[in-house]
Amino acid sequence: MRQEQGPRLLVAMDYSNSEDCLKVAHQLSPSECRLKVGKELFTATGPQLIEQLMTLGFDVFLDLKFHDIPNTTAKAVASAAQLGVWMVNVHASGGLRMMEAAREALVPFQTKPWLIGVTVLTSMSAEDLAQTGVNRSPQEQVLYLADLAKQCGLDGVVCSAQEVPTIKRSCGPEFLTVTPGIRPANSVADDQRRVMTPAEAVAAGSDYLVVGRPVTKAIDPSQACRQILQNMRDV
Ligand SMILES: O=c1ccn([C@@H]2O[C@H](COP(=O)(O)O)[C@@H](O)[C@H]2O)c(=O)[nH]1
């Protein structure tokens with residue numbers, strides 16, 4: 001398993017245009033955080049912005065959560081690798097053949113992005129999951145999909161920090177856990193349902209903490225980022 005140093009804080013740059021994103025990126029430091037580009041920003045701006053963020057020195061997690069037939073997913077993951085992103089993801093619920101195809105698609109690349117499987121979205125409660133026909137608890141379903149992702153040779157999963165200890169026990173300490181649903185103490189959860197504070201997530205063993213609105217909606221995003229980093233060190 002590849003090892004690496006570097007920031008564990010991933011800021012979700014959920015903006016609708018390049019200008020807003022770049023304004024905040026210039027206030028952040030690649031030595032303190034990495035950047036996550038998701039569906040809103042990528043759909044609005046395309047690959048050019050990824051290049052610009054990488055030119056500023058940031059590692060980029062392209063969070064497009066691919067979920068399609070194996071061939072299409074594999075091609076999409078290869079296109080992401082071509083962009084030079086640091087991390088890319090697919091939905092683990094796309095199944096074994098889909099995840100294996102995604103992993104195989106990265107074999108030709110010398111510098112491979114981390115390939116991560118999304119388990120159960122952190123916005124989902126037990127009730128939300130049951131509405132999709134899944135009658136396991138979120139914790140059970142996350143573990144089930146994490147085990148499947150591990151079996152397919154993925155590098156780790158997206159999950160909530162609440163599930164990290166169980167995943168690490170089952171899949172091993174080197175299997176990466178990327179955890180959105182991070183909220184500083186006393187802040188609003190918004191649409192997130194399975195949340196933890198930065199300090200709790202670090203204590204639970206999360207490898208990478210994904211934080212969006214608490215930074216991007218702050219009056220001073222750089223100061224909000226520094227506060228979260230301080231809270232991560234408070235463990
Ligand atoms: O299970 C998941 C998977 C991805 N996300 C993404 O992370 C950020 C979280 O943003 P906040 O503003 O901190 O809630 C966002 O880009 C999601 O698309 C997730 O939240 N949960």
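Under an unreviewed UniProt entry, the name given to the protein chain is Orotidine 5'-phosphate decarboxylase, and the source organism is Gilvimarinus gilvus. Listed under Subunit (unreviewed entry) in UniProt, the entry text for the protein chain is "Homodimer." Per UniProt, the comment on the protein chain under Catalytic activity (unreviewed entry) is "orotidine 5'-phosphate + H(+) = UMP + CO2".

Undergrad: Is there a simple way to think about the overall build of the protein chain in this case?
TA: For the protein chain, the count of helices and strands is eleven helices and eight strands. Radius of gyration (C-alpha) of the protein chain: 17 Å, near the 18 Å computed for a compact globule of 235 residues. Judged by the C-alpha coordinates and their principal axes, the protein chain covers about 45 × 40 × 35 Å. The burial tally for the protein chain puts 45% of its 235 residues in the buried class.

Undergrad: Would you mind showing me how to read the UniProt feature "active site" (unreviewed entry) in the protein chain here?
TA: UniProt tags Lys65 as "active site" (unreviewed entry). Here Lys65 lies in strand E3 (residues 60-66).

Undergrad: Before we go on, may I ask you to explain the packing of helix H4 (residues 70-83) against helix H5 (residues 96-105) in this structure?
TA: How two helices sit against one another is set out by the angle between their axes and by the gap between those axes. Here H4 crosses H5 at 35°, and the two axes come no closer than 8 Å. The chirality of how H4 crosses H5 is right-handed. Contact residues: H4 offers Pro70, Asn71, Thr73, Ala74, Val77 and Ala78, while H5 offers Arg97, Met98, Ala101, Ala102, Glu104 and Ala105. In terms of residue class, the contact of H4 with H5 is built from eight nonpolar, two polar and two charged.

Undergrad: Is there a simple way to explain the site of the ligand in this structure?
TA: If you check the shell around the ligand, you find 16 residues, and the closest are Ala12, Thr122, Pro180, Gly212 and Arg213. Across the shell around the ligand, the residue classes tally to seven nonpolar, six polar and three charged.

Undergrad: Which parts of the structure should I look at to understand the sheet that holds strand E8 (residues 208-211)?
TA: Sheets are built from strands paired through backbone hydrogen bonds, the pairs being either parallel or antiparallel. Taken in spatial order, the eight strands close into a barrel running E1-E2-E3-E4-E5-E6-E7-E8, and their pairing is parallel. Looking at each pair of strands side by side, their axes are set apart by 25° on average, direction ignored. Pairing of strand E6 (residues 156-158) with strand E7 (residues 176-179) involves three bridges; the strand directions are parallel. Residue pairing across strands places Val157 opposite Thr177, the latter belonging to E7. With respect to the sheet, helix H3 (residues 47-55) is in contact with strand E2 (34-37) and E3, its orientation differing from that of E3 by roughly 150°.

Undergrad: Would you take a moment to explain the nonpolar core for this structure?
TA: In a soluble, globular protein the nonpolar side chains are often hidden away together inside. The biggest cluster of nonpolar side chains holds 75 residues, and the ones touching the most others in it are Val11, Val60 and Val77. For Val77, the contacting residues outside a window of four places in its chain are Phe66, Val88, Val90, Ala102, Ala105, Leu106 and Leu115.

Undergrad: Can you walk me through the pairing of strand E5 (residues 114-118) in this structure?
TA: Regular strands place their side chains on alternate faces of the sheet. Extensive coverage of E5 is indicated by the burial of five of its five residues. The two faces of E5 match: Trp114, Ile116 and Val118 on one face and Leu115 and Gly117 on the other face are all buried. As paired elements, strand E4 (residues 87-91) and E5 share five bridges and run parallel to each other. Within E5, the position partnered with Asn89 by the bridge is Ile116. Note on the crossover from E4 through H5 to E5: the handedness is right-handed. Examined bridge by bridge, E5 and E6 share three bridges and lie parallel to one another. Bridge pairing in E6 places Gly117 opposite Val157.

Undergrad: What is the right way to look at unusual backbone geometry in this model?
TA: Excluding glycine, most residues fall at negative phi; most peptide bonds, likewise, are trans. Of note in this structure, Lys65 is not a glycine but carries a positive phi near 45°. By the C-beta count within 10 Å, which is 17 here, Lys65 ends up partly exposed. The phi dihedral of Asp190 falls on the positive side, at around 55°, and the residue is not glycine. Note that Asp190 resides in the loop between E7 and helix H9 (198-204). In this structure Asp190 comes out as partly exposed when scored by C-beta crowding, with 14 C-beta atoms within 10 Å.

Undergrad: Teacher, can you tell me more about H5 here?
TA: Count 3.6 residues to each turn of an α-helix, and residues three or four apart come out pointing the same way. What H5 keeps buried is the set Met98, Met99, Ala101, Ala102 and Ala105. Down the axis of H5, the buried side of the element spans an arc of 160°, and every buried residue falls inside it. Those residues of H5 hidden inside the fold are in contact with H4, E4, E5 and helix H7 (138-151).

What counts as what
Each chain carries its own residue numbering, running from 1 in the written order of its sequence. Owing to the predicted nature of the model, reporting of local features is limited to residues with pLDDT of at least 70; listing and counting of side-chain atom pairs is limited to 80 or more, with chain, interface and lining totals taken over all residues. UniProt positions are given in the numbering used here, feature names are shortened, and annotations may be inferred rather than shown by experiment. Helix and strand assignments come from DSSP, with helices taken as H or I runs of at least 4 residues and strands as E runs of at least 2, each series counted from the N terminus. Our radius of gyration is a C-alpha quantity, and the globule rule it is checked against amounts to 2.2 Å times the number of residues to the power 0.38. Neighbour counting defines burial: a residue surrounded by 20 or more other C-beta atoms within 10 Å of its own C-beta is buried, one with 12 or fewer is exposed, and intermediate counts give partly exposed, using backbone-placed C-beta atoms. Only C-alpha atoms enter the line fits that serve as axes; for helices the fit covers just the stretch in contact. Angles between N-to-C directions range over 0 to 180 degrees. By definition, any crossing whose near helix is turned counterclockwise from its far helix by less than a right angle is left-handed, and any crossing with a clockwise turn is right-handed. By definition, residues are in contact whenever their C-beta atoms, placed on the basis of the backbone, come within 7 Å of each other. In this count, Pro and Cys sit with the nonpolar residues alongside Ala, Val, Leu, Ile, Met, Phe, Trp and Tyr, while Asp, Glu, Lys and Arg are called charged and the others, Gly among them, polar. Using the backbone to place each C-beta atom, any residue with that atom within 6 Å of a molecule or strand is considered near it. By definition, two strands form a pair when at least two bridges between them are found by DSSP. In this description, a nonpolar core means buried residues of the types Ala, Val, Leu, Ile, Met, Phe, Trp, Tyr and Cys, linked to one another by C-beta atoms lying within 7 Å. By convention, a crossover is right-handed whenever its connection, traced from the first strand over the helix to the second and viewed with the strands pointing away, goes clockwise. The arc in question is the one spanned by the directions pointing from the helix axis to the C-beta atoms.

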